[in-house]
Amino acid sequence: MQQNMRKQDFQEIIAQSKVMQEVFQTINKIADYKTTILITGESGTGKELVARAIHERSSRSGKKLVDINCGGIPENLLESELFGHARGAFTDAHRERKGLFENADGSTLFLDELGELPLPLQVKLLRVLQEGEVRPLGDREPVKVDVRIIAATARNLADMVNRGVFREDLFYRINVLNIELPPLRERSEDIPLLIDHFIAKYNRLIGLNIKGVSEECRQALCTYLWPGNVRELENVMERAMVLSDEDTIGVETLPPELLRSEREVAGRERGSMIPDQENLSIKINSKNLERYLIGKALERTGGNKTQAAEILQISLPALLYKMKEYNITS
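All values reported here derive from a predicted model rather than from experimental measurement.

S.K.: Explanation requested: the overall build of the protein chain in the structure shown.
M.R.: Regarding its fold elements, the protein chain presents 15 helices and 9 strands. Looking at the protein chain alone, contacts between residues at least 24 apart form 69% of all its contacts between residues at least 6 apart. Just so you have it, the protein chain exposes about 17,700 Å², and 47% of that area is on carbon and sulfur atoms.

Put into structure tokens, the structure is as follows:
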């Protein structure tokens, strides 16, 4: 019953972990305010689902959420898509066209992949946020709009500001309320729930009758690091269900990289770094070695990162970056 409530209330965001329960609480607190929200997190963590959950719990839910992927439309078309255009504003502009801001009047506009927004359009977005009005291409008269903005990105906007590719004033205007979604590897206790959810979902959608997964398969799914996060897990589950000859999914239906990951985990637990004998990729095995050496250096220094960086002969910022990349804690 509790799981069904979560699915109903939070748009298929299936979770029982403490960190995600905190996200749910934040959604409930902020849903009905017009304050701009920035959702951050790796690709596949469910940023769009969170945006939709916020909208559906707000007083604006009577109108449809309007969404756009800022990286999915060519720059020369994106301005017209967002702000609209007047008739004759450019070649082929044979009639007036409303932009997404006007379409979202009284509702919510979800700007996915905000980090891909070109600098010239960042200026126009900032003006909309400050003045509450848009100016369509080729039109002298601004149009008042009442739009709640939710933005999302997998990129580090603060770093982009430092590199001069994202406006600092827009960053602070967008980043009023921040929801940071954790990667799946940091909430592995949610994986069993997600496995059961996706089995039920694809049994219904594809017309299958899968009962569950074998213990060996569940172990492999729960120990894999999921670089593609929940989206990758869903794709793997759909694939495994289609390939399974039995009503219980076995490891033989899983992609090879999941089984390699399980062997690597076993090797780390034994205190040694075992190269992947089946995959001769220098890139993959170099990362495994880096992860192992960082762990050993931190172990030797009792978790002192400065000393560990000296032992590894890399800078402290480089060590911190790699620790984050490999999900290493000390």
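Past the structure itself, the notes keep going.
S.K.: Explain a negative patch on the surface here, please?
M.R.: On the surface, Glu216, Asp245, Glu246, Asp247 and Glu252 cluster together into a patch of negative charge. With respect to the helices, strands and loops of the structure, glutamate 216 is situated in helix H10 (residues 215-223).

S.K.: Honestly, the environment of leucine 121 in this entry has me stumped. Any pointers?
M.R.: The topology assignment puts leucine 121 in helix H6 (residues 119-131). Residue classification places leucine 121 among the buried residues on the basis of a relative accessible area of 5%. Each C-alpha atom, one on leucine 121 and one on glutamate 79, is 6.8 Å from the other, the two residues being 42 residues apart in sequence.

S.K.: Before we go on, may I ask you to explain the confidence of the model for the protein chain in this structure?
M.R.: Close inspection of predicted coordinates is inappropriate in any region flagged by low pLDDT. Overall, the predicted model of the protein chain reaches an average pLDDT of 85, with 85% of residues at or above 70. Between residues 1-8, whose pLDDT stays under 50, and residues either more than four places distant or in other chains, the model counts 13 contacts.

S.K.: Would you take a moment to explain the packing of helix H9 (residues 191-206) against H10 for this structure?
M.R.: A pair of packed helices is captured by two measures, namely the crossing angle of their axes and the spacing between those axes. Packing of H9 against H10 brings their axes to within 10 Å, and their N-to-C directions diverge by 120°. Judged by the angle between their axes, H9 and H10 are oblique. As H9 runs across H10, the sense of the crossing is right-handed. Between H9, through Ile191, Pro192, Ile195 and Asp196, and H10, the contact on the second element is made entirely by Arg218, Leu221 and Cys222.

S.K.: I would appreciate a short explanation of the side chain of serine 17 in the present structure.
M.R.: Turning to its location among the elements, serine 17 is positioned in the loop between helix H1 (2-9) and helix H2 (18-30). A polar side-chain atom of serine 17 sits 2.6 Å from a polar atom in the side chain of aspartate 190. Contacts of serine 17, omitting those with residues within four sequence positions, involve Arg187, Glu189 and Asp190.

S.K.: Hey, could you run me through the pattern of salt bridges in this one?
M.R.: When charged atoms on two side chains of opposite charge get close, those side chains can pair. Applying the stated criterion to the full structure yields 14 salt bridges. Note that glutamate 133 and lysine 144 form a salt bridge whose closest N and O atoms lie 3.6 Å from each other. Of this pair, glutamate 133 sits in strand S4 (residues 133-134) while lysine 144 sits in strand S5 (residues 143-144), placing them 11 residues apart in sequence. Using a relative accessible area of 59% as the deciding quantity, one classes lysine 144 as exposed. With a shortest N-O distance of 3.0 Å, glutamate 290 and lysine 322 are connected by a salt bridge. With glutamate 290 in helix H13 (residues 282-300) and lysine 322 in helix H15 (residues 316-325), the pair connects residues that are 32 residues apart, well separated along the chain. On the accessibility criterion, glutamate 290 (29% relative accessible area) is partly exposed.

S.K.: Hey, could you run me through the sheet that holds strand S6 (residues 148-153) in this one?
M.R.: Within a sheet, each strand pairs with its neighbour through backbone hydrogen bonds, oriented either parallel or antiparallel. On the basis of which strands lie adjacent, the open sheet formed by 5 strands has the order S2-S3-S6-S1-S7 and parallel pairing. Two strands lie at the open edges of the sheet, namely strand S2 (66-69) and strand S7 (177-180), each paired on one side alone. Within the sheet, the average angular offset between the axes of one strand and its neighbour, ignoring direction, is 15°. As defined by bridge partners, strand S1 (residues 37-40) adjoins S6 across 4 bridges and the pair is classed as parallel. Looking across to S6, one finds that leucine 38 is bridged to alanine 151.

S.K.: So what exactly am I meant to see when it comes to a nonpolar patch on the surface here?
M.R.: Nonpolar side chains collect at one region of the surface, where Leu205, Ile206 and Val242 lie side by side and expose about 270 Å² of accessible area between them. Secondary-structure assignment places valine 242 in helix H11 (residues 229-243).

S.K.: Looking at this model, I keep getting lost on the packing of H9 against H11. Mind explaining?
M.R.: Packing of H9 against H11 leaves a shortest axis separation of 9 Å and a crossing angle of 50°. Taken together, the axes of H9 and H11 are oblique relative to one another. Between H9 and H11 the crossing geometry is right-handed. In this structure, H9 contributes Ile191, Leu194, Ile195, Phe198, Ile199, Lys201, Tyr202, Asn203 and Ile206 to the contact, and H11 contributes Val230, Leu233, Glu234, Met237, Glu238, Met241 and Val242.

S.K.: I keep staring at the packing of aromatic side chains and nothing clicks. Help me out?
M.R.: Describing an aromatic ring pair means giving the distance of the ring centres and the angle of the ring planes. For the coordinates displayed, the defined rule picks out 3 aromatic pairs. Here the aromatic rings of phenylalanine 83 and phenylalanine 101 are separated by 5.5 Å at their centres, their planes lie at 5°, and the arrangement is stacked. Linking phenylalanine 83 in helix H4 (residues 75-83) with phenylalanine 101 in helix H5 (residues 100-103), this pair joins segments that are 18 residues apart in sequence. We classify phenylalanine 83 as buried; its relative accessible area is 1%. Here phenylalanine 101 falls in the buried class, since its relative accessible area comes to 0%. The ring of phenylalanine 83 has lysine 124 sitting right over it, with the charged end atom 4.7 Å from the ring centre.

Each value, and the rule that gives it
Residues numbered from 1 in each chain as written. Predicted model: local features only at pLDDT ≥ 70, side-chain atom pairs only at ≥ 80, totals over all residues. Heavy atoms only, no water. Helix = DSSP H or I, 4+ residues; strand = E, 2+ residues; numbered from the N terminus. Contact = heavy atoms within 4.5 Å. Areas by Shrake-Rupley, 256 points an atom, 1.4 Å probe, with all protein chains shown as cover. Patch = residues over 30% accessible without salt bridge, like charges linked within 9 Å, V, L, I, M, F, W, Y side chains within 5 Å. Salt bridge = Lys/Arg side-chain N within 4 Å of Asp/Glu carboxyl O. Lys, Arg positive; Asp, Glu negative; His and termini not counted. Charge placed at Lys NZ, Arg CZ, Asp CG, Glu CD. Buried < 20%, exposed > 50% of the residue type's maximum accessible area, 1.4 Å probe, protein only. pLDDT = per-residue confidence, 0-100. Axes fitted to C-alpha atoms, helices over the stretch in contact; angles between N-to-C directions. Parallel < 35°, antiparallel > 145°, perpendicular 65-115°, else oblique. Left-handed = near helix turned anticlockwise from the far one by under 90°. Polar contact = N/O pair within 3.5 Å; in protein donor to acceptor, adjacent residues only side chain to side chain. Pairing = 2+ DSSP bridges. Phe/Tyr/Trp six-rings, centres within 6.5 Å; stacked < 30°, edge-to-face > 60°. Lys NZ or Arg CZ within 6 Å of the ring centre and 35° of its normal.

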